[in-house]
Amino acid sequence: MADIVKLGFAPLVDCAIPVVAAEQGFAAAEGIDLVLERANSWAALRDKLAFGLVDGAHLLAPLALAMHQGIAGIPAVPLVVPMTLGLGNNAITLSAALHARMMAVAPAIMAGPPAQRARALRQVIDADRARGLAPLSFATVFPFSCHHYELLNWLSDGGIDTRTDVNIGIVAPPRMVESLTSGWIDGYCAGEPWNALAVARGAGLIVATKADIRPGGVEKVLALRADQATPHRDRTVALVRAMVRAASWCHDPANHGALAQLLAEPCYVGQPAELIATTLVKAEAAKAADSRPHLAQAQQLVADMVRAGQLAPDTIPDADMLGALWTPTYHDLAQGTFNAG
């Protein structure tokens, strides 16, 4: 009898690996009945994982650390991160109106490196302040997210004080385009396909991507409850093995058409396959070299949390604590099986 494993996911292109593991039979081949449960917001997914409604999740990498540390708005939840998940490509998208203003005041800056285009935004902010206008509003998908840190870094590198010069709020990924179109926000940082959708609808334009701001940075992870992963080591290794095989399938350009069609299903991302296919091309160029979790990734996230004021310097977790969470053990065991085969 197959072991049932419930995984939560958010409707983003980078949920591809667990979706493929379930739909293409990689999990079943490992004796796992992989049940996927969609959550439209990261808060909802956090709660599903925290209260044991799912065994694990396709999760924001910083959120896994925050939940494990007990600073994610809920009591600490011991987790294990045995694998990073690729195919994610965040971007900063601005409203068409704001983008046009930036082009008008600083065309040379806008034609330059994307990571420096917030310098044009600085000039717009100064002009608005001189006229007594309210600050511009931006959104990210969750406070403990690489999207949040990337937006903060991009703005700060443009000379913008993220505490006083702009408003920054939280919007669930599927609500980003609607929020931008309605004028509730002036820009956002989110994962695909929610940037490509804004461009396709003429509502916004992409000014910078994750590759511009944090090339090679970790994005999503496979996060498992420790009370499920640790006592069932063989099952966890089998799950990771299925996910690694699914990742190889996803990374093969020959499969991108089928992958786009699969993700387009309403139960997954629920956006046109043609739109998703365009994001897969971008994601392929920026994918992580391997899915093995490395301690340096967790240490970088800790540094991001400290800079964002989310973690006090005297509460930084030590290497042992990080190593218990960000563990390559299961990945190495799965890889050993591959090598033995």
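Residues numbered from 1 in each chain as written. Predicted model: local features only at pLDDT ≥ 70, side-chain atom pairs only at ≥ 80, totals over all residues. Heavy atoms only, no water.

A.B. asks: Please explain the overall build of the protein as it appears in this structure.
C.D. replies: Broken down by element type, the protein carries 18 helices and 10 strands. Relative to the compact-globule value of 20 Å for 341 residues, the protein shows a C-alpha radius of gyration of 20 Å, a close match. Taking the principal axes of the C-alpha coordinates as reference, the protein spans close to 70 × 50 × 30 Å. With 341 residues in all, the protein has 54% of them scored as buried. (Helix = DSSP H or I, 4+ residues; strand = E, 2+ residues; numbered from the N terminus. Rg over C-alpha atoms; globule rule 2.2 N^0.38 Å. Buried < 20%, exposed > 50% of the residue type's maximum accessible area, 1.4 Å probe, protein only.)

A.B. asks: Is there a simple way to think about the side chain of Asn89 in this case?
C.D. replies: Relative to the assigned elements, Asn89 resides in the loop between strand E4 (79-85) and strand E5 (91-95). When its relative accessible area of 11% is taken as the criterion, Asn89 is described as buried. From its side chain, Asn89 meets the backbone oxygen of Thr279 in a polar contact 3.4 Å long. (Polar contact = N/O pair within 3.5 Å; in protein donor to acceptor, adjacent residues only side chain to side chain.)

A.B. asks: What is the right way to read the sheet that holds strand E9 (residues 204-209) from this model?
C.D. replies: Strand order across the open sheet formed by five strands is E7-E6-E8-E5-E9, with mixed pairing between neighbours. Each of the sheet's edge strands pairs with one partner strand only, and the pair in question is strand E7 (167-170) and E9. Here the average twist between neighbouring strands, direction ignored, is 25°. In this structure, strand E6 (residues 137-140) lies alongside strand E8 (residues 187-190), joined through three bridges in parallel fashion. Note on E8: the bridge partner recorded for Thr140 is Cys189. (Pairing = 2+ DSSP bridges. Axes fitted to C-alpha atoms, helices over the stretch in contact; angles between N-to-C directions.)

A.B. asks: Where do I start with helix H16 (residues 295-307) in this structure?
C.D. replies: Quick reminder: α-helices carry 3.6 residues per turn. Residues three or four places apart thus point the same way. Here H16 spans 19 Å end to end across 13 residues, near enough to the 18 Å set by a 1.5 Å rise per residue. Buried residues of H16: Gln297, Ala298, Leu301, Val302, Asp304 and Met305, and no others. Looking straight down H16, one finds its buried side chains confined to an arc of 160°; they lie on one side. Across from the buried face of H16, at angles greater than 90 degrees, the exposed residues are Ala296 and Arg307. Check the buried side of H16 and you find it contacts helix H4 (61-69), E4, helix H8 (146-157) and helix H17 (319-325). Following H16 by one or two positions, Gly309 has its phi on the positive side, about 80°. (Expected span 1.5 Å × (residues − 1). Arc of directions from axis to C-beta. Contact = heavy atoms within 4.5 Å.)

A.B. asks: What's the story with the packing of H4 against H16 in this structure? I'm lost.
C.D. replies: Between two packed helices, both the angle of their axes relative to each other and the distance between the axes serve to describe the pair. The geometry of H4 relative to H16 is characterised by a closest axis approach of 10 Å and an angle of 80° between their N-to-C directions. Accordingly, the angle class assigned to the pair H4 and H16 is roughly perpendicular. For the pair H4 and H16, the contacting residues are Ala61, Pro62, Leu65 and Ala66 in the first and Ala298, Leu301, Val302 and Met305 in the second. Here the contact of H4 with H16 is built from residues that sort into eight nonpolar, no polar and no charged. (Parallel < 35°, antiparallel > 145°, perpendicular 65-115°, else oblique. Nonpolar A, V, L, I, M, F, W, Y, C, P; charged D, E, K, R; others polar.)

A.B. asks: What should I look at first to understand the sheet that holds strand E1 (residues 3-9) in this one?
C.D. replies: The strands making up a sheet are joined through hydrogen bonds of the backbone, oriented either antiparallel or parallel. If you walk across this open sheet you meet the five strands as E2-E1-E3-E10-E4, and the pairing is mixed. Each edge of the open sheet carries a strand with a single partner, namely strand E2 (32-38) and E4. Averaged over neighbouring strand pairs, the angle between their axes works out to 30° when direction is ignored. Taken together, the five bridges between strand E3 (residues 56-60) and strand E10 (residues 220-225) define a ladder with antiparallel strand orientation.

A.B. asks: I would appreciate a short explanation of the environment of Ala134 in the present structure.
C.D. replies: Locating Ala134 in the fold gives a position in the loop between helix H7 (118-130) and E6. Overall, Ala134 belongs to the exposed group, its relative accessible area being 59%.

A.B. asks: Would you explain the pattern of salt bridges in this entry?
C.D. replies: One side chain can pair with another of opposite charge once the charged atoms of both are near each other. Overall, the coordinates contain 18 salt bridges when judged by the stated rule. Where Glu150 meets Lys210, a salt bridge forms, and the shortest distance between an N and an O atom there is 2.4 Å. Of this pair, Glu150 sits in helix H8 while Lys210 sits in helix H11 (residues 210-213), and the two are 60 residues apart along the sequence. Summarising the burial analysis for this pair, Glu150 and Lys210 share the class buried. (Salt bridge = Lys/Arg side-chain N within 4 Å of Asp/Glu carboxyl O.)

A.B. asks: Can you help me understand the state of the cysteines in this one?
C.D. replies: Each disulfide consists of a covalent bond between the sulfur atoms of two cysteine residues. With the rule as written, the count across this model stands at zero disulfides. Sulfur of Cys15: no disulfide; nearest cysteine sulfur belongs to Cys250 and is 9.3 Å away. Lacking any disulfide linkage, Cys267 is separated from the closest cysteine sulfur, that of Cys15, by 9.4 Å. The class of Cys267 is partly exposed, set by a relative accessible area of 43%. (Disulfide = S-S within 2.5 Å.)

A.B. asks: What exactly am I supposed to notice about the environment of Met305 here?
C.D. replies: In this structure, Met305 sits in helix H16. Judged by its relative accessible area of 1%, Met305 is buried. In this view, Met305 contacts Pro62, Leu65, Ala66, Ile71, Phe144, Tyr149, Gln310 and Leu311; residues no more than four positions away in its chain are not counted.

A.B. asks: Explain helix H14 (residues 256-263) here, please?
C.D. replies: For H14, the full list of buried residues reads His256, Leu259, Ala260, Leu262 and Leu263. Take H14 and look down its axis: the buried residues cluster within an arc of 160°, on one side only.

A.B. asks: Hey, could you run me through the pairing of E7 in this one?
C.D. replies: Here is the key point about a regular strand: its side chains alternate between the two faces of the sheet. As judged from the four bridges shared by E6 and E7, these two strands associate in the parallel manner. What sits directly across from Ala139, in E7, is Gly169.

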